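A closer look at the structure
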Amino acid sequence: MAKYSWPEKPTLLGTPVKRLDGPDKVTGRARYTHDINRPGMIYGKIVRSPYPHAKVVSIDLSAAEKAPGVKATLAYMKPGDEVHYQGDPVAAVAADTEERARDAARLVRVRYDALPQVSSEAQAMAADGPKWSTTQPNTRAGQRAETGDLEAGFRQAGHIVEQTYSTHVITHVCLETHGAVCEWDGDKLTAWVSTQGVHQCAQGFAQALGIPQTNVRVITQYMGGGFGSKFAPDSQGIICAKLAKAAKAPVKLMLDRKEEHLDTGNRPSAFAKIRAGVSSGGKLTAFDGQSWGTGGAGAGSGFPLPYLYQFPNRRRVHTDVYINAGQQRAMRAPGHPQGCFLTEILMDELADRVKMDPVEFRIKNAPPLAPNAQWIKYFQEGAKRFGWDKRHATGDPTPGPIKTGMGVSAHLWGGAGRGSQAHVDLMSDGSVVVKCGTQDIGTGTRTLVAIVAAETFGLPVSAVKPEIGDTIYPFSGGSGGSTTAASVTPAIRTTSVNALDQLFAKVAPTLGVTPDQLAAEGGRVFVRGNNSKGLSWKDACKLIGTEPISVDGKWEDGLSSSGTSGVQFAEAEVDIETGVVRVKRILAMQDCGLIVDKLTAESQAYGGVIAAINFALFEDRILDRVTGQMVNPNMEWYLLAGMSDVPKIDIVLNNMPERGVIGIGEPPTVSTASAIANAVRNATGATIRSLPLHPHKVLAALEQERAGGTN
Amino acid sequence: MEHLTSPKLTPGVHCLSLRHKGMYVTSMPYPEESQFYDAYDATAYWCVETQRGFGPDGAPVRPDCCQGDRDCCKH
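Residues numbered from 1 in each chain as written. Chains lettered and ligands numbered in written order. Predicted model: local features only at pLDDT ≥ 70, side-chain atom pairs only at ≥ 80, totals over all residues. Heavy atoms only, no water.

**Section: the overall build of chain A**
Check the secondary structure of chain A and you find 17 helices and 28 strands. The globule rule puts the C-alpha radius of gyration for 711 residues at 27 Å, and the 28 Å found for chain A is close to it. Structurally, chain A occupies a C-alpha span of about 85 × 70 × 45 Å along its principal axes. Buried positions account for 63% of the 711 residues belonging to chain A. For chain A, restricting intrachain contacts to residue pairs at least 6 apart in sequence, the fraction spanning at least 24 positions comes to 79%. Approximately 25800 Å² of chain A is accessible, and the part contributed by carbon and sulfur atoms is 51%. (Helix = DSSP H or I, 4+ residues; strand = E, 2+ residues; numbered from the N terminus. Rg over C-alpha atoms; globule rule 2.2 N^0.38 Å. Buried < 20%, exposed > 50% of the residue type's maximum accessible area, 1.4 Å probe, protein only. Contact = heavy atoms within 4.5 Å. Areas by Shrake-Rupley, 256 points an atom, 1.4 Å probe, with all protein chains shown as cover.)

Structural data, given as structure tokens:
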């Protein structure tokens, strides 16, 4: 057996272990960045551009400086600078209360020279349309890919579908907004930040502020959601640190909900005009797609297209479109939900053309079965579990306004990790401390750290003290790309194995055996094959002496891998009189290699599915076409699912311990929207090729269907 | 092996202040990825100096912009 491997018969791995920090979270003891209060702390507030496009003419801070309680002011932009979106930061103030900071921010007088603005992809792409920037073009050629012989592929096609599909812009809507508390001690900065990467954030502070990275400590004990948008201090973090330096006091600067919508990232829109061919026998033959999308002001919008299915002859040409809106950031499986939707709706249309069941059609065109490609298995098993045989053909024939349908979709993700480091201390009183500079962004990483150490030492999870979320701990990567579990758990395993080896070396003489004859299980250290010959964990640790066993370790190859697959089934109900869609149930078939904690893995899948229901049915960043202002920068009109909107969700995890640990944060959120849209199509007979599935779109598609068809 | 979906930033060509998420997560390439889709770029970029998607000169930051003789570029 390799020195570093996962146990063949684990006692904890793959079992449902409750989050260690669950009680702290539900009782309010968990301290998020929002909860950090430092002695003498004051509050920062950013002054932002109300215009989506303008030149700054002047910034007058004098009135704000004289306002009651104001301790510091800062001009972030200077006259002549160009603002590119509503919410672009221009200046900032800090005062002794939040209210006074807001009052002072209102006293900052900024004169702007408003410029024409671009608030939609169509405006940006119009030949004579306004320009988003005084120096940059509205569009940029993106990636282009071509494989096979496109014309030959279309000649082989018995049927061709030619349509335009699209998805919309949504924001991350982190429940805990972005922000920081910054405190200086001379030239050393301590920053409590709502971040997905403490070490990465420290580097950002150091480089932006021009101080040594060793002078920066970043702490994130608890974090209320990031979804890809929290990897750097951002402008608000740097502003916070500068205000704290100027005021000689700790500053808290947490964004409000409007700022969060405007300036902390979003998922880009995606459009594609697609021409696709399928043979009479149901094999995909050709795909020709022109795609575009906007990532806001100067940011890209790429996504995979076609997605997953095997078009042997294909071409795809993408264009990035720039508008005056906040820039995109990575958002839970960047590009995949868009590419998945655009492809999966097309797949159902093609299946109908050849009169094949959508599951059968997908199986015929899916990549072959492999450890990282379980789609065919999931289509087959999922169809049985879901009752797919009860699915009717496109268009529910049931009388009355309520129509029901089923849909299906498939997805993939990489999820491999590397590079984490860890430290383990075994004390003579039997206590165990595991330190790792990762962070728990709500996914359960703290619990995973404890599970892996406890499994290795043969202890209950409660016997391990995991310490994470601080740059004083060994380096670990940012929590993104579904890489955390696959990066962190191997590091904890190898470090714990090495610490246990050192303990065995201390214990072996007492038991009269060699260290390699020892095992640790059930709270005991004993001779393998003779469980009665051993010591309790506590008694074994007494042999450590006064100097604890302290071991540093790191991620090693062989304990993790990459490549996950998933399939989701959806059943939806559509009221064809109101256009309202209700999701009745979702089945998610998913793998993530070796499951570390069944409970938190399932929790990731639940969260991913619910987030995608929001994407499908509710969320939409709406910009006013005339003013370029976001009309719903709140949580009242920016819609999210309520409890009654969440359907029955069944998660089926395929444990594949032989593959090692792979991340699961992103993949479960990819397919859901496509499966729901296909269920709506199956229910109504009308194809809605554009997300979100808001009632007005459903009604418009039904009207179009009655007038001659959407197909 | 390079990531299919992550851009390659080349020292000496691209500005050293250019950042993207892939530089901060300890991920590994997914070798079979190219079987399931063609290359694309969904990357969001930021400047480490400004900590936002615009450089010190106020223009957007991307690999195609952050190279050559752009005044704020650091090589």
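**Description of the sheet that holds strand β21 (residues 464–467) of chain A**
Residues and elements named next belong to chain A. Read from one edge to the other, the open sheet built from four strands follows the order β21-β20-β19-β25, with strand pairing classed as mixed. Since the sheet does not close on itself, it has two edges, and those belong to β21 and β25 (549–554), each with one partner. The mean angle between the axes of side-by-side strands here comes to 15°, regardless of whether they run parallel or antiparallel. Two elements, strand β19 (residues 421–426) and β25, share six bridges in a ladder whose sense is antiparallel. Counted as the bridge partner of A422 is G553 from β25. Across the sheet, helix α12 (residues 445–457) lies against β19, β20 (432–435) and β21, angled at about 140° from β21, the strand it touches most. Contacting β19, β20 and β25, helix α13 (residues 484–511) runs over the sheet at an angle of about 145° to β25. (Pairing = 2+ DSSP bridges. Axes fitted to C-alpha atoms, helices over the stretch in contact; angles between N-to-C directions.)

**Observations concerning the environment of A373(A)**
With respect to the helices and strands, A373(A) occurs in the loop between α10 (358–365) and α11 (375–386). Assessed through its relative accessible area of 1%, A373(A) is described here as buried. Separated by 143 residues in sequence, A373(A) and K230(A) have C-alpha atoms that sit 31 Å apart. Not counting the four nearest positions on each side in its chain, A373(A) is found in contact with P368(A), S565(A) and F36(B).

**Looking at helix α3 (residues 98–107) of chain A**
Those residues of α3(A) not exposed but buried are A101(A), A104(A) and A105(A). Along the axis of α3(A), the buried positions cluster into a sector of 105°, meaning they face one direction only. (Arc of directions from axis to C-beta.)

**Some remarks on the packing of helix α15 (residues 598–618) of chain A against helix α16 (residues 672–684) of chain A**
All names here are of chain A. Relative orientation of the contacting elements α15 and α16 amounts to 50°, with a least axis distance of 8 Å. Considering the angle they form, α15 stands oblique to α16. Like other packed secondary-structure pairs, α15 and α16 cross with a definite hand, here right-handed. On α16, the residues that touch G608, V609, A612, I613, F615, A616 and L617 of α15 are T672, A673 and I676. Its residues assigned to classes, the contact of α15 with α16 shows eight nonpolar, two polar and no charged. (Parallel < 35°, antiparallel > 145°, perpendicular 65-115°, else oblique. Left-handed = near helix turned anticlockwise from the far one by under 90°. Nonpolar A, V, L, I, M, F, W, Y, C, P; charged D, E, K, R; others polar.)

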